[in-house]
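Next come the chains, spelled out residue by residue.
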Amino acid sequence: ITAVFILNFTSESISEKEINLVKSNTWFIAGPAIESHEIINLTRLKTGIIKVTAKDSPVGEIELNVTITPSESNDGVPQHLPDDSKHVTITYKSSHLIKIQAREGNEEGTGCIHGGSHPRTDLLPSPKKFTTIKIPWSQFKKDGLINGAPLDIHNLCKFNFVNYNPVAGAFLEIKSVIVKI
């Protein structure tokens, strides 16, 4: 009896899988933006870029969000990232400071925590060109405080990109948000 086994080894195991949330997931918008949810996602599918622009005389914050686990709403099941997932890599262009909230999942494990405070960090303005940054998970602290509670990467639900004080024409463009899942 002769048995033949064929094994397929790749340099990347399942635990090293990376996803680009711009390519893979639907994005959502709230606040005084020119672009609607539909336009943001049509543009994303055509060009591979998320684009958001503040309306004239904007009142309130602009919040752009995407779940880690694909979802057709701005809520989703939390993702348990592996221990060797160390950062998120973002390629963006922005006229103003953007706060990135990393929303964790609810206690039931069925969706995201809404309201309250969340681990967050800053995306500095980069109005002239696209910038790529790696943000370590350890940089996401509750309320953005140095001694704030750290992000639980084993319960990551979504990212919110927030401009808390938009001015007319303020913009954010995102080419990639890459996470190891």
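Predicted model only: the values in this text are computed from it and were never measured.

## Concerning the overall build of the protein chain
And then number 1: Across its full length, the protein chain carries two helices and eleven strands.
And then number 2: Tracing the protein chain from N to C terminus, the helices and strands come up as β-α-β-α-β-β-β-β-β-β-β-β-β.
And then number 3: Seen through its C-alpha atoms, the protein chain measures out along the principal axes to roughly 80 × 40 × 30 Å.
And then number 4: Counting every position in the protein chain, which comprises 181 residues, the buried fraction comes to 44%.
And then number 5: Within the protein chain, contacts between residues at least 6 apart in sequence are counted, and of these 73% link residues at least 24 apart.
And then number 6: Summed over its atoms, the accessible surface of the protein chain is roughly 9,900 Å², and 55% of this surface lies on carbon and sulfur atoms.

## A word on the packing of aromatic side chains
And then number 1: Enumeration over the complete set of coordinates arrives at five aromatic pairs.
And then number 2: With a centroid separation of 5.9 Å and 40 degrees between ring planes, the pair formed by Trp137 and Phe140 is classed as tilted. Residues Trp137 and Phe140 agree in their burial class; the two are buried.
And then number 3: Relative to Phe159, the ring of Phe140 lies with its centre 6.3 Å away and its plane at 35 degrees, an arrangement referred to as tilted. Residue Phe140 is found in the loop between strand E8 (126-136) and strand E9 (141-142), and its partner Phe159 is found in strand E10 (residues 156-163); the two are separated by 19 residues along the sequence. The pair formed by Phe140 and Phe159 is uniform in burial state, with each residue classed as buried.
And then number 4: Of the aromatic side chains, those joined through ring pairs into one cluster are Trp27, Trp137, Phe140, Phe159 and Phe161.
And then number 5: Cation over ring: Lys175 sits above Phe130, and NZ or CZ is 4.4 Å from the ring centre.

## Remarks on helix H2 (residues 37-47)
And then number 1: Taken together, the buried positions of H2 are occupied by Ile40, Asn41 and Arg44. End-on view of H2: buried residues confined to an arc of 90 degrees, all on one side of the axis.
And then number 2: Its buried side turned inward, H2 meets helix H1 (21-24), strand E2 (27-30), strand E3 (50-53) and strand E4 (62-67).

## Digging into the sheet that holds E2
And then number 1: Spatial strand order, E2-E4-E10-E6-E7-E9: six strands in an open sheet with antiparallel pairing. Here the strands that pair on one side only, and so sit at the sheet edges, are E2 and E9.
And then number 2: Pairing of E2 with E4, which is carried by four bridges, proceeds in the antiparallel orientation. Bridge pairing links Phe28 to Asn65 in E4.
And then number 3: Sitting on the sheet, H2 touches E2 and E4, and the angle it makes with E2 is about 145 degrees.

## Focus: empty space enclosed by the protein
And then number 1: Enumeration over the complete set of coordinates arrives at one cavity of 30 Å³ or more.
And then number 2: In this structure, the largest cavity spans a volume of roughly 80 Å³.
And then number 3: Along the walls of the largest cavity sit Val52, Ile62, Leu64, Ile98, Phe161, Val162, Asn163, Ala170, Phe171 and Leu172, which together make up its complete lining.
And then number 4: Among the secondary structure elements, those contributing two or more residues to the lining of the largest cavity are E4, E10 and strand E11 (171-180).

## Structural notes on the state of the cysteines
By definition, a disulfide links two cysteine residues through a covalent bond between their sulfur atoms.
And then number 1: Per the counting criterion, the structure on display carries one disulfide.
And then number 2: In this model, Cys112 is linked to Cys157 through a disulfide, with the two sulfur atoms separated by 1.9 Å. Of note, the bridge from Cys112 to Cys157 carries an S-S torsion of about -75 degrees and is left-handed in sense. Of this pair, Cys112 sits in the loop between strand E6 (98-104) and strand E7 (119-123) while Cys157 is found in strand E10, placing the two residues 45 residues apart along the sequence. Across the pair, Cys157 and Cys112 agree in class, each one buried.

About the cut-offs
- Residues numbered from 1 in each chain as written.
- Predicted model: local features only at pLDDT ≥ 70, side-chain atom pairs only at ≥ 80, totals over all residues.
- Heavy atoms only, no water.
- Helix = DSSP H or I, 4+ residues; strand = E, 2+ residues; numbered from the N terminus.
- Buried < 20%, exposed > 50% of the residue type's maximum accessible area, 1.4 Å probe, protein only.
- Contact = heavy atoms within 4.5 Å.
- Areas by Shrake-Rupley, 256 points an atom, 1.4 Å probe, with all protein chains shown as cover.
- Phe/Tyr/Trp six-rings, centres within 6.5 Å; stacked < 30°, edge-to-face > 60°.
- Lys NZ or Arg CZ within 6 Å of the ring centre and 35° of its normal.
- Arc of directions from axis to C-beta.
- Pairing = 2+ DSSP bridges.
- Axes fitted to C-alpha atoms, helices over the stretch in contact; angles between N-to-C directions.
- 1 Å grid on protein atoms, 1.4 Å probe; cavity = no way out; pocket = protein on both sides within 12 Å on 5 of 7 lines; lining within 4 Å.
- Points joined across faces, edges and corners; volume = space filled by probe spheres on them.
- Disulfide = S-S within 2.5 Å.

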